[in-house]
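Per-entry structural report
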Amino acid sequence: MTSDDEAFDRLLEYVEDELGFATSYYDDSYLDRRVSSRMRRSDTESYAAYLDLLQSDESEQEALLDAFSVNVTSFFRNPEVWEEVRNVLRALSAERDRIRLWSAACSDGREPYSLSMLALDDPEVKDGNVRITATDIDREILAAARRGVYENTRTTDIGEQLAPLDEYERYVRRTDDEFAVTDPVKDLVSFERHDLINGDPKSDFDLVVCRNLFIYIDAEHKLPILETVSKSLSVGGYLVIGKTETLPDTLKPAFEPVARRLRIYKKVDTTSIR
Ligand SMILES: C[S@@+](CC[C@H](N)C(=O)[O-])C[C@H]1O[C@@H](n2cnc3c(N)ncnc32)[C@H](O)[C@@H]1O
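Residues numbered from 1 in each chain as written. Predicted model: local features only at pLDDT ≥ 70, side-chain atom pairs only at ≥ 80, totals over all residues. Heavy atoms only, no water.

Topic: the sheet that holds strand S4 (residues 172–175)
- Read across the open sheet, the three strands follow the order S3-S5-S4; overall the sheet is antiparallel. Looking at strand neighbours, the two that pair on one side only are strand S3 (149–151) and S4, the edges of this open sheet. Sheet twist, expressed as the mean angle between neighbouring strand axes with direction ignored, is 25°.
- Looking at chain direction, S3 and strand S5 (residues 178–181) are connected through three bridges and run antiparallel. Among the inter-strand pairings, Tyr150 is bridged to a residue of S5, identified as Phe179. (Pairing = 2+ DSSP bridges. Helix = DSSP H or I, 4+ residues; strand = E, 2+ residues; numbered from the N terminus. Axes fitted to C-alpha atoms, helices over the stretch in contact; angles between N-to-C directions.)

Okay, structure coming up:
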């Protein structure tokens with residue numbers, strides 16, 4: 001191990017023990033990219049020097065924690081996935097009296113609000129029976145999610161993100177470049193903080209959407225997270241993971257693919273879930 005590696009490990013240990021972010025569960029090269037970007041911003045040349053800075057500067061601690069939880073998201077991210085999610089909601093609505101959905105790692109709320117808009121928009125989905133729980137580890141992003149106000153930027157076109165809906169104006173109030181989600185959309189969603197690594201499983205969900213988190217998590221910790229998520233589903237419930245993510249082999253017997261390419265699965269058995 002080089003002295004550079006040792007200094008990097010000491011830095012991660014400090015972040016885990018003193019700042020409470022479980023670095024040991026995340027992929028090292030992902031963490032290194034985030035740390036290196038903070039080092040460039042703060043003109044620090046070595047991990048050891050950056051650790052000194054971190055120990056003495058609370059605003060840098062916050063900046064690093066912010067950099068670790070990447071919150072990139074959008075309404076109807078990968079629209080083709082949402083076409084199939086619409087079918088799943090229809091199927092659930094036809095067979096169950098109440099439908100409980102969980103957007104796990106929901107970021108700024110655009111994912112659970114997409115679920116809510118879809119439920120309100122589709123005449124085959126009884127939206128009165130739908131309740132959505134939306135969770136994330138990051139308190140600040142949850143505050144933004146509860147506000148539910150999104151802005152066009154140079155790189156983000158909110159109107160375009162909402163295009164899968166025929167008339168998105170029914171679900172957002174637009175003022176210039178700002179889009180505020182309306183109360184009926186918000187009323188179906190409750191936000192709460194939940195850590196998918198250290199938190200307990202939930203129970204009896206009919207659909208769990210847990211997308212684009214595993215890309216940051218190191219291989220050995222993906223399974224416990226997916227087990228938590230899988231335990232939270234009722235038998236016959238559906239799981240949606242990110243389009244570039246995969247289900248570990250040990251969990252495959254518990255699920256039957258509904259749309260393999262879109263990473264949508266139905267839970268058919270519980271025996272392979274620890
Ligand atoms: C890239 S966003 C994904 C947002 C949304 N699911 C999507 O696909 O658009 C990843 C989210 O995971 C959250 N996150 C990271 N670690 C987490 C953990 N241990 N438990 C819960 N959420 C976590 C981050 O705060 C961030 O908001």
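Structural notes on the side chain of His221
- Note on placement: His221 falls in helix H10 (residues 219–231).
- What makes His221 buried here is its relative accessible area of 14%.
- Setting aside anything within four residues of it in sequence, one finds His221 in contact with Ser24 and Tyr25. (Buried < 20%, exposed > 50% of the residue type's maximum accessible area, 1.4 Å probe, protein only. Contact = heavy atoms within 4.5 Å.)

Quick word on the domain arrangement of the protein chain
- Under the domain assignment, the protein chain is made up of domain 1 (3–68) and domain 2 (79–267).
- Between the C-alpha centres of domain 1 and domain 2 the distance comes to 31 Å.
- Contacts between domain 1 and domain 2 engage five residues on the former and six residues on the latter.
- Both sides together, the interface formed by domain 1 and domain 2 hides about 770 Å², and carbon and sulfur atoms give 58% of it.
- Considering only the side of domain 1, the residues that lose the most area to domain 2 are Tyr25, Tyr26 and Tyr30, jointly responsible for 65% of the buried surface there.
- At the surface where domain 1 touches domain 2, the tally comes to zero salt bridges.
- Remark: the boundary between domain 1 and domain 2 carries two residue pairs in polar contact (both at pLDDT 80 or more).
- Of the residues assigned to the side of domain 1 that touches domain 2, the class counts are three nonpolar, one polar and one charged. (Domains from an automatic or database assignment. Buried area = accessible area lost by both parts, 1.4 Å probe. Salt bridge = Lys/Arg side-chain N within 4 Å of Asp/Glu carboxyl O. Polar contact = N/O pair within 3.5 Å; in protein donor to acceptor, adjacent residues only side chain to side chain. Nonpolar A, V, L, I, M, F, W, Y, C, P; charged D, E, K, R; others polar.)

Remarks on the nonpolar core
- By size, the foremost hydrophobic cluster in this structure holds 43 residues, and its most contacted members are Tyr26, Leu31, Val35, Leu196, Val208 and Leu239.
- Elements with a contribution of two residues or more to this core: helix H1 (3–19), helix H2 (28–41), helix H3 (47–56), helix H4 (58–68), strand S1 (99–104), strand S7 (205–210), H10 and strand S8 (233–241).
- Considering every element that reaches this core, the biggest residue donor is H1, with seven residues.
- Of the residues that make up this core, three or more belong to each of domain 1 (3–68) and domain 2 (79–267).
- Ignoring anything within four residues of it in the chain, the contact list for Tyr26 reads Phe21, Leu31, Ile197, Tyr216, Ile217 and Asp218.
- Among the nonpolar cores identified, the runner-up in size contains 42 residues, and Val81, Val130, Leu142 and Val181 belong to it. (Core = buried A, V, L, I, M, F, W, Y, C linked by side-chain atoms within 4.5 Å.)

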